[in-house]
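Understanding the architecture of this molecule
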Amino acid sequence: MAAAGKRRPVAWKRPRRARVHALRDKLRELYGEPVGVPHRQPVDELVRTILSQSTSDRNRDVAFGRLKERFPSWEAVRDAPVEEVEEAIRPGGLYKQKAPRIQQVLRELGEEIDLRWLETAPREEALASLTALPGVGRKTAACVQIFTWGRPEIPVDVHVHRVGGRLGLFRPNAPFEEAHDEMLAITDPEDAYEFHINLITHGRRVCRPQPRCWECGLRRMCVWYRALPTDERPAPPQGRKAAK
Ligand code: SF4
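Just so we're clear, the structure is a prediction, and the values are computed from it rather than from any experiment.

**Here we look at the overall build of the protein chain**
The helix and strand tally for the protein chain stands at twelve helices and zero strands. Reading the protein chain from its N end, one meets helices and strands in the order α-α-α-α-α-α-α-α-α-α-α-α. Expressed as lengths along the three principal axes of its C-alpha atoms, the size of the protein chain is roughly 65 × 40 × 30 Å. Looking at the protein chain residue by residue over its 244 residues, the buried ones come to 33%. Of the contacts made within the protein chain by residues no fewer than 6 positions apart, 65% connect residues no fewer than 24 positions apart.

Following this line, the structure appears as structure tokens:
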């Protein structure tokens, strides 16, 4: 145990494969084994990911559904007055920014919008093509790859970044780009989807910005928690006991 009042300095080392497997297994025990079902609609995924920025999954899905309902094709979304696109996606929030961004991306995809060729493109080429689109970063490109075709990627969103950093999967405060590279380096391709989804679930339910370490099943494996002096470790509200 750490001595009270003294933070133990932790030098980061890339975790061994066995440790990553142990974390995967513990998360599986807690949240099950999610299985991805590739939908093979890359433009849908691209737009859905843009819509997901700073909103809940539910609001994103409502906005996406309204967009698909109102317009017969992605070409129609691209060519519509921006106010109509804004109106359709309004429930997703930030619609004034997202509508022109969606149209700008769609304009880059050619007269006939089609990204299905990416499925068989080499990974690096696919990522380079996607991240060359305006405002499309590594996370969005990774989402398109994994959710559209099941190609192994671990999109690092705020949850994966927070939880992965605390668990020591990459350097504390590593930039998102570096965290992406590390996650890919340490994860078996067949575990990518499950690990991604379960880290997000853990980040939403327990390892929140204010972490609920007292009820966390990963406590014994958590670099961040173990480095904290005992008197600084997050404690349960009065009257509740920490989980074993
Ligand atoms: Fe997050 Fe705390 Fe669990 Fe570590 S012990 S993973 S910081 S909730």
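**Topic: the site of the ligand**
Residues in close proximity to the ligand total 13 residues, the closest being Cys207, Pro211, Cys213, Cys216 and Cys222. Elements represented by at least two residues in the shell around the ligand include exactly helix 9 (158-167) and helix 12 (223-227). Partitioned by chemical class, the residues of the shell around the ligand number ten nonpolar, no polar and three charged.

**Comments concerning the domain arrangement of the protein chain**
When its domains are assigned, the protein chain resolves into domain 1 (17-35 + 154-232) and domain 2 (42-136). Here the C-alpha centre of domain 2 lies 29 Å away from the C-alpha centre of domain 1.

**Overview of the packing of helix 2 (residues 42-51) against helix 8 (residues 138-149)**
With their axes 9 Å apart at the nearest point, helix 2 and helix 8 run at an angle of 135° to one another. The angle between helix 2 and helix 8 falls in the class oblique. The two elements helix 2 and helix 8 cross, and the hand of that crossing is right-handed. Contact residues: helix 2 offers Pro42, Glu45, Leu46, Thr49 and Ile50, while helix 8 offers Thr140, Cys143, Val144, Phe147 and Thr148. Looking at the contact of helix 2 with helix 8 residue by residue, the class counts come to six nonpolar, three polar and one charged.

**Points about helix 9**
With seven of ten residues buried, helix 9 lies mostly within the body of the structure. Along helix 9, the positions that sit buried rather than exposed are Val160, His161, Val163, Gly164, Gly165, Arg166 and Leu167. The inward-facing, buried residues of helix 9 abut helix 1 (17-31), helix 10 (176-186), helix 11 (192-205) and helix 12. Looking one or two places after helix 9, you find Gly168, whose phi comes out positive at around 80°.

**A short note on the nonpolar core**
Ile89, Ile102, Val105, Leu130, Ile154 and Met183 are the most contacted members of the largest nonpolar core, which totals 50 residues. Split by domain, the residues of this core number at least three in each of domain 1 (17-35 + 154-232) and domain 2 (42-136). In this view, Ile102 contacts Val47, Ile50, Val77 and Val85; residues no more than four positions away in its chain are not counted.

**A closer look at unusual backbone geometry**
With phi around 60°, Arg40 is a residue other than glycine that occupies positive phi space. With respect to the secondary-structure elements, Arg40 resides in the loop between helix 1 and helix 2. Classification of Arg40 as exposed rests on a count of 11 C-beta atoms within 10 Å. If you check the backbone angles, Asn173 has positive phi at about 60° while not being a glycine. When you line up the elements, Asn173 lands in the loop between helix 9 and helix 10.

The rules we used
- Residues numbered from 1 in each chain as written.
- Predicted model: local features only at pLDDT ≥ 70, side-chain atom pairs only at ≥ 80, totals over all residues.
- Helix = DSSP H or I, 4+ residues; strand = E, 2+ residues; numbered from the N terminus.
- Buried ≥ 20, exposed ≤ 12 C-beta atoms within 10 Å, placed from the backbone.
- Contact = placed C-beta atoms within 7 Å.
- Near = placed C-beta within 6 Å.
- Nonpolar A, V, L, I, M, F, W, Y, C, P; charged D, E, K, R; others polar.
- Domains from an automatic or database assignment.
- Axes fitted to C-alpha atoms, helices over the stretch in contact; angles between N-to-C directions.
- Parallel < 35°, antiparallel > 145°, perpendicular 65-115°, else oblique.
- Left-handed = near helix turned anticlockwise from the far one by under 90°.
- Core = buried A, V, L, I, M, F, W, Y, C linked by C-beta atoms within 7 Å.

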